[in-house]
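Read off the chains here:
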Amino acid sequence: MTFNPCIIIPCHDHGSMLPAVLSALQKYALPVFIVDDASTVPLPPDLIKKFPAQRISILRHEKNMGKGGAVLTALREADKQGFSHALQIDADGQHDSRVIPEFLALSREIPNALVSGRPIYDDTVPRSRFYSRYLTHAWVWLETLSFSIKDSMCGLRVYPIKETLAILARAKVGLRMEFDIEIMVRFAWRKTPIKFIPVHVSYPKDGISNFRPWRDNFRIARMHTRLVILMLLGMPGRFFCGKKQEDVDAANWARLRERRGLLGMRVLFFVYRFFGRRIFQFFLHPVIAVYWITAGTHRRASEAYLRRLKAFATTRGAPVGKKITSYRHFLRFGENMLEKLAAWRGEIPKNSVEIVMSENVREHLQSGKGGIALCAHLGNFELCRALATMDGFVINAVFFQENTRRFARLLEEFAARSQLRILSITEFTPATAVMLQEKIRAGEWVAIAADRVSADSPDRVVNVPFLGMEAPFPQGPFLLAASLRVPVFTMFALREDDGRKIYLEEFANPLEIPRANRLDSLRAAAQKFVEKLEFHTLRAPLEWANFFDFWKEGISEKFPHENRE
Amino acid sequence: MDTLVKEIKQLIVGTLNLEGLTPEDIETDAPLFREGLGLDSIDALELGLVLKNKYKISFSSEDQETRKHFYSVATLAKFIASQRNPDAFQQ
């Protein structure tokens, strides 16, 4: 598509300013579409004759349709005539037209982008309008869950015509004063780039404003409410990182979770950062309730887990209480999200976490030596940050998917002070082994979840009985721990009835999985880990965070001696 | 190069506990993994660590690259030699 721009000017009762605006535009020699939106004051006569060098078309609405309506009319006409981009400029002359070449250049460079002005005000702007803009900024940030929209109200912008008409055809966008804002939010939702160029804005003396404070502020408030609801409606499904998804198997689940989780996380961060912990808690109940009702797969997984847990606990002669229900399970997961946020922001008081460990482990920690910590999706790993009270204690959390890199970046963005580092690893290779060994030798810790099957090698599992039935566990963490020849521990960070606790326990030093006896020793290592996991799961059942069919039957084991591919 | 090849073979046998196997039994050009010597992923990690400590080499984080270097004793020797003396290898 060739870049073929035109200018559009929506006009309602600003006719007297038009000659000045047009003469400033003359030097760019671009075709101009003026939409006279049922002005009560007629446009100056002979506009077309006065500017013979410019191709001016005047379109007229008999009935006032609002600024958005005028823009829509102009865009349709421009599209019909084969233009690709439309530069919109206000008719009242508040924009400095000298920046137009810059707008067009950027638009030509990124043809699908919405290029918008970002106003720099001089002293002529009324204070009240200045402040109300900030209110709008806050709304827009919430609606888009990002700070990328720097200004949503500037009327000087270049629309890519096809993209804009596509949005307008699909969504019901308010066409009055709210139009400028809403169309930009919708561009952001579609992940279409939005670019900003600073422009000087002055309010012309004796200028007439078509902005009617009561009516238009009401419309704008209504629009924001609508947009926030639309944003939230898209949210609960993503809140826990998974849409309603039938038959999400363990392997895919890891991938899905990550992708969808990112938006959920952003929402949480946003609410938490802007409104604080109490508001967040208040919002949790309805969100969890909606989620519990709609997320059938996760609910069924939770119910199946609890059934198995209860049956197993009974056979052990220590039945779990009646309070252990699927809804509470969901709710705890949500609360743990909150705890994560709090922990990431360093807002969990360190003395509120009790670290349970033997004298041996304490000595090991105090001597500044590192190790591998085998963990599980039970409880709230982020509490381990509390361990960082000891000087120089660094935990590297290992994740196995490529796309966790994005997640790691997000974490950095929100928790810059974090002492927990995320290592994103796609596969165990000699290079990663070397890297991890160096870290541990330098006294750092490496935490690996040993309860989730890697999405990249779903058959590298070892089936071990857990809560009375065989479940697949990954081989990787045990193989890695064995090959590094370093002390291995288990680490569980749980919220129990009497407070937050971290259990750091010795596992093996070093873990032996000798060549002659790989299979059996691997199975024995996994079994030893699962016994610890089972012990803690029974003590804190709601902390279980694997909301999928954990026992998935029929995963066949594939062992290291059977080489891959 | 020959001494290096010999050293690597000794390291493999010494580190990996290959029962009843002597360095001389390992063919220089035969694949180490799969159908060749039959090493597995845990062997690769252990071997990588030992080689790194002995020769102070660094592996690429690109898995494909590392796989190529670990194909046989010969490729490993070539890789280690190139890391020790990159200029000589260029010629």
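Criteria and thresholds
Residues numbered from 1 in each chain as written. Chains lettered and ligands numbered in written order. Predicted model: local features only at pLDDT ≥ 70, side-chain atom pairs only at ≥ 80, totals over all residues. Heavy atoms only, no water. Contact = heavy atoms within 4.5 Å. Buried area = accessible area lost by both parts, 1.4 Å probe. Salt bridge = Lys/Arg side-chain N within 4 Å of Asp/Glu carboxyl O. Polar contact = N/O pair within 3.5 Å; in protein donor to acceptor, adjacent residues only side chain to side chain. Helix = DSSP H or I, 4+ residues; strand = E, 2+ residues; numbered from the N terminus. Expected span 1.5 Å × (residues − 1). Buried < 20%, exposed > 50% of the residue type's maximum accessible area, 1.4 Å probe, protein only. pLDDT = per-residue confidence, 0-100.

Novice: Got a minute to help me understand the interface of chain B and chain A in this structure?
Specialist: How big an interface is tends to be reported as the loss of accessible area on association of its parts. Listed per partner, the contact involves 26 residues of chain B and 25 residues of chain A. Buried area between chain B and chain A, summed over both chains or domains, comes out near 2,000 Å², and the portion from carbon and sulfur atoms is 57%. At the boundary of chain B and chain A, one finds 2 salt bridges. In this assembly, chain B and chain A are joined by 2 residue pairs in polar contact (both at pLDDT 80 or more).

Novice: How should the environment of A:Ile440 be read in this particular structure?
Specialist: Residues and elements named next belong to chain A. As for its placement among the helices and strands, Ile440 is situated in helix H15 (residues 430-441). Taking the C-alpha atoms as reference points, Ile440 and Val394, 46 residues apart in sequence, are found 9.7 Å from one another. Among residues more than four places away in sequence, those in contact with Ile440 are Gly370, Gly371, Ile372, Val446, Leu484 and Val486.

Novice: Sorry, what's going on with helix H17 (residues 518-539) of chain A here?
Specialist: Helix length check: H17(A), at 22 residues, gives a terminal C-alpha distance of 32 Å against a target of 32 Å (1.5 Å per residue), a fit within 8%. Those residues of H17(A) that fall on the buried side of the exposure criterion are A:Arg518, A:Ser521, A:Leu522, A:Ala525, A:Ala526, A:Phe529, A:Val530, A:Lys532, A:Leu533, A:Glu534, A:His536 and A:Thr537.

Novice: For this particular structure, what's the right way to read the side chain of A:Glu534?
Specialist: All names here are of chain A. Structurally, Glu534 is set in helix H17. Residue classification places Glu534 among the buried positions, given a relative accessible area of 10%. Only 2.7 Å separates the side chain of Glu534 from the backbone nitrogen of Leu467, close enough to count as a polar contact. If we skip the residues at most four places from it in the chain, Glu534 touches Phe312, Arg316, Pro465, Phe466, Leu467 and Gly468.

Novice: I would appreciate a short explanation of the pattern of salt bridges in the present structure.
Specialist: Here the idea is simple: oppositely charged side chains can pair when their charged atoms come close. All names here are of chain A. What the rule picks out here adds up to 20 salt bridges over all chains. Close ionic contact of Arg60 with Asp36 constitutes a salt bridge, the shortest N to O distance being 2.5 Å. You can see Arg60 sitting in strand S3 (residues 56-61) and its partner Asp36 sitting in strand S2 (residues 32-37), a full 24 residues away along the chain. According to the relative accessible area criterion, Asp36 is buried, its value standing at 5%.

Novice: In this structure, what is going on with the confidence of the model for chain A? I would like to understand it.
Specialist: In regions of low pLDDT, the predicted coordinates are not meant to be interpreted in detail. Overall, the prediction assigns chain A a mean pLDDT of 79, with 76% of residues at 70 or greater. Residue range residues 235-261 of chain A is modelled with pLDDT below 50. Its contacts to residues more than four positions away, or to other chains, number 63 contacts.

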